[in-house]
Amino acid sequence: MKKLLSIAFLFLSLFAFAQNEQLANNYFDRGEFEKALVSYEELLKAQGGNSNYFQKVIDCYQQLQQFDKAQKAIEDRLDKYKQNNLLIELGFNYQLQKNQDKANKYYDQAISKIKKNANEAYGIAYVFEKKSLFDYALLSYKTAIETDPNLNFNFQMAMLYGQLGNTDLMIETYLLEAYKNPQNLPIIQNQLSRFMTEDADTNFNELLKKALLIKAQKTQDVFWNDFLSWYFVQLKEYGKAFIQQKAIYKRNPESFGNIVNLAQMAIEDNDQDSAKEILTFVIENTNDLELLIQSHSYLIEMKIDHAIEKEYPAITEELDGLIREFGTSPYTLSLLKLQASFNAFHLNNPEKAKVILKNALEMPLNRYQLAEVKMELADILLYEEKFNQALIYYSQVDEEMGGDIVGQEASLRTAKTSYYKTDFQWASHQLKVLKSASSQLIANDALDLFLLISDNTVEDSTQVALKKFARADFLFYQNKKEEALAQFQMILKEHQGEEIEPVTLFRIGKIYEKKGDFSKALENYNEIITKHKESIYIDEALYCSAEIYNISLNEPEKAKPLYEEMIFKHEDSIYYVDSRNKYRKLRGDTNL
C-alpha cells in the first residue's frame, strides 16, 4: 500500500511540475517576463542542474534588462559547473549592453578552450549558432580542425557558410564532404536541392553546376558525373542528365539500371524525346533480357498513350512481335499487361485481354506481379461494367498488399469503382481514408475525387448532375472519347452555372487534348481561367494550357504568361515547382 501511495505521490508531483513548466513557458511566450522569471526560478531551485531552466532565467533577466543579475548568475554557474560554453553567455550579455569589446573578449576565451580540447567545439559552436554568431561558430570548427585534423565538421561548416551568404564556400564544402564521405551524399543532395528550389538568388544553380563541372573535368571520377546527372534531374533536364549517364556507362558498361530509371522519370515528366533517346540507347547497347524488355515496354507504352486509331494495327504487330521474340514468362509480364490493356481499351476486345491475363496468373509470379495482374484484370472487368467482379479483384489486392503503395492504389480504384456505380457515400468513405495515403499521387487523386463528390452534393442533395458526370467519367475511363465528350457537353447545357461546370469544362479540355485537338482544349481551359477564377481547377487549367503552348504547339511566348500566373497566384499548387522551372527556362535564365 505504501508503495502504491509513493507512486501516486510521485506521479502527482511530476504532473504539478509539468504544469508549472507549461505556465512558465506561456508567460514567456506572451512576453510577461516578470511572471515567467518567478516560475523559472522556482523550477531551477527544484532542478539546479537543468540547463534549459537556467537559460530561461537568463533570458528573462536580459529581456527585463537586469544585466547585472544575469552576469552574476552566469559567473556563479561557470564557477560551479565549469561549462566553457557559459563564456559565450557572458559575452552575449555584454553584447546586449552594446559593449562589443568585452563581448569579443569572452568569445575569444571560448575559442581558446577549443585549442586546449578540440572536442569542446561541439558545445561551443552550438551556442554560437544559437546566438546567430555564425562567424564565431565557424571559427570554432576551424580551430577544432587545426587542433585535431582527424575531426570533420564539413557539413556544419557548409551550413554556416550558407547562413553567412557565402554560397561558393558552402557549395565547395558540401561537395568536399560528399566526396570524402559518400554515405552522407543523400543528406547533402537534400540540402542542395532545397537551395535549388527555394533560393531566391537564381545564381545558385549556376554556381553549383560550375563547381560540379570543374570537379568532373579535373578528376575524371564518375562520382561527379553521377552528381551532375542528379543536378540535371532536379531541373528536369533529362537530356543533359543522360549525357552524364552515358559518360559513366563508357567507363562502367554495367551501369544501365540508372539509365532506365532516368528514362522512367523523363516519361513521368512528359519529356518524350529524352525518354525515347535514352531507351533506344539501352536497347542498342545491352543484352540484359530484363532491361531490354523493360525498355521496349516503356517505348511501346508511350506509343499507345499518343496513338491514333490508324496506328493501332502497327502497334498490335509490334506487341505481338516482341512477345514472340522474348516469350511468355514472368520476365515479359510488362509486355503481356500492355497487350491485354491495348486489346481491351483500344481494340475493344476485352475477351482476348482476359485470356492473356488469366494465362499470366498460371505463371510462377511473385506477390507483386500477382497483384499487378489482378489489378489489370479488375480494370478490364470494370471496362466491361462488371463492377462486382472488378471489386473482388481490387479487394483481394488491397487485402494482400495492405500498407503497400500497390494496396493503396487498389483501394483508390475500389473507391473509383463505387463512384462510377454512383455509390457516392461509400466512395467518399473510402476516399476520406486515402487522402492521407503515403503516396502523394494517390493522396492527391483521392482528394480531387472526394472534393468533386462533396462539392456537388452540397448544392444538389439529389446529386443529379453528379450522377451524369460519373457516367461521363466512366465513358472516358473506357476510352470512349466521343461518347464521353457528348455526355460532358450535355451536362454543360443542362447544368450551366452550377458547381459542376468548371470540372466539366476541364474534362472536355482533357478529351480534346487526348484527341490532339489543342485549340478546342485551350478554349475549354480558357473558360475556366476567365469565368471560374475561384474554382479549384484554375491551377490545372493554367498549367495544362501552358503545357499545350510550350510542348504541343511550340509557342513558348504564349506559355510564358500562363506559367507566370501559376507562380505568382498559385504557390500551393502541385504544379508550382514545375511551372517555375519552365518559366525560368523560357525567360532565358542562364542557370537552367
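Residues numbered from 1 in each chain as written. Predicted model: local features only at pLDDT ≥ 70, side-chain atom pairs only at ≥ 80, totals over all residues. Heavy atoms only, no water.

A. The packing of helix α23 (residues 405-420) against helix α24 (residues 424-434), seen in detail. Relative orientation of the contacting elements α23 and α24 amounts to 155°, with a least axis distance of 8 Å. Classified by the angle their axes make, α23 and α24 are roughly antiparallel. Here α23 and α24 pass one another in a crossing that is left-handed. On the side of α23, the interface is formed by Gln408, Ser411, Leu412, Thr414, Ala415, Ser418 and Tyr419, while α24 contributes Phe424, Trp426, Ala427, Gln430, Leu431 and Leu434. The residue inventory of the contact of α23 with α24, partitioned by class, reads eight nonpolar, five polar and no charged. (Axes fitted to C-alpha atoms, helices over the stretch in contact; angles between N-to-C directions. Helix = DSSP H or I, 4+ residues; strand = E, 2+ residues; numbered from the N terminus. Parallel < 35°, antiparallel > 145°, perpendicular 65-115°, else oblique. Left-handed = near helix turned anticlockwise from the far one by under 90°. Contact = heavy atoms within 4.5 Å. Nonpolar A, V, L, I, M, F, W, Y, C, P; charged D, E, K, R; others polar.)

B. Representation of helix α32 (residues 576-587) within the structure. Taking 1.5 Å per residue, 12 residues should reach 16 Å; α32 reaches 16 Å between its end C-alpha atoms and fits that length. Immediately downstream of α32, the backbone of Gly588 shows phi near 95°, a positive value. (Expected span 1.5 Å × (residues − 1).)

C. Expanded view of the environment of Asn184. Here Asn184 lies in the loop between α10 (167-180) and α11 (185-198). For the pair formed by Asn184 and Phe155, sequence separation is 29 residues and the distance between their alpha carbons is 9.1 Å. Of note is the side chain of Asn184, whose polar atom sits 2.8 Å from the side chain of Glu177. (Polar contact = N/O pair within 3.5 Å; in protein donor to acceptor, adjacent residues only side chain to side chain.)

D. Main features of the packing of helix α12 (residues 203-219) against helix α13 (residues 222-234). Viewed as axis vectors pointing N to C, α12 and α13 meet at an angle of 160°, and their least axial separation amounts to 9 Å. The orientation of α12 with respect to α13, classified from their angle, is roughly antiparallel. Crossing handedness for the pair α12 and α13: left-handed. Touching Asn205, Glu206, Leu208, Lys209, Leu212, Leu213, Lys215, Ala216 and Thr219 of α12 are Trp224, Phe227, Leu228, Trp230, Tyr231 and Phe232, all from α13. Class assignment of the residues belonging to the contact of α12 with α13 gives a composition of 10 nonpolar, two polar and three charged.

E. Spatial organisation of the packing of aromatic side chains. The final tally for this structure, using the stated rule, is 32 aromatic pairs. Relative to Phe281, the ring of Phe242 has its centre 5.4 Å away and its plane inclined at 75°; by these criteria the two rings are edge-to-face. Pair noted here: Phe242 is in helix α14 (residues 238-251) and Phe281 is in helix α16 (residues 272-285), with a separation of 39 residues, a long-range link. Residue Phe281 is classed as buried on the basis of its relative accessible area, which comes to 15%. An aromatic cluster of at least three residues, connected via ring pairs, comprises Phe345, Tyr383, Phe387, Tyr419, Tyr420, Phe424, Phe474 and Tyr477. When the ring centre of Phe54 is taken as origin, the NZ or CZ atom of Arg77, which lies over that ring, is 4.4 Å away. (Phe/Tyr/Trp six-rings, centres within 6.5 Å; stacked < 30°, edge-to-face > 60°. Buried < 20%, exposed > 50% of the residue type's maximum accessible area, 1.4 Å probe, protein only. Lys NZ or Arg CZ within 6 Å of the ring centre and 35° of its normal.)

Geometry only, nothing functional implied.
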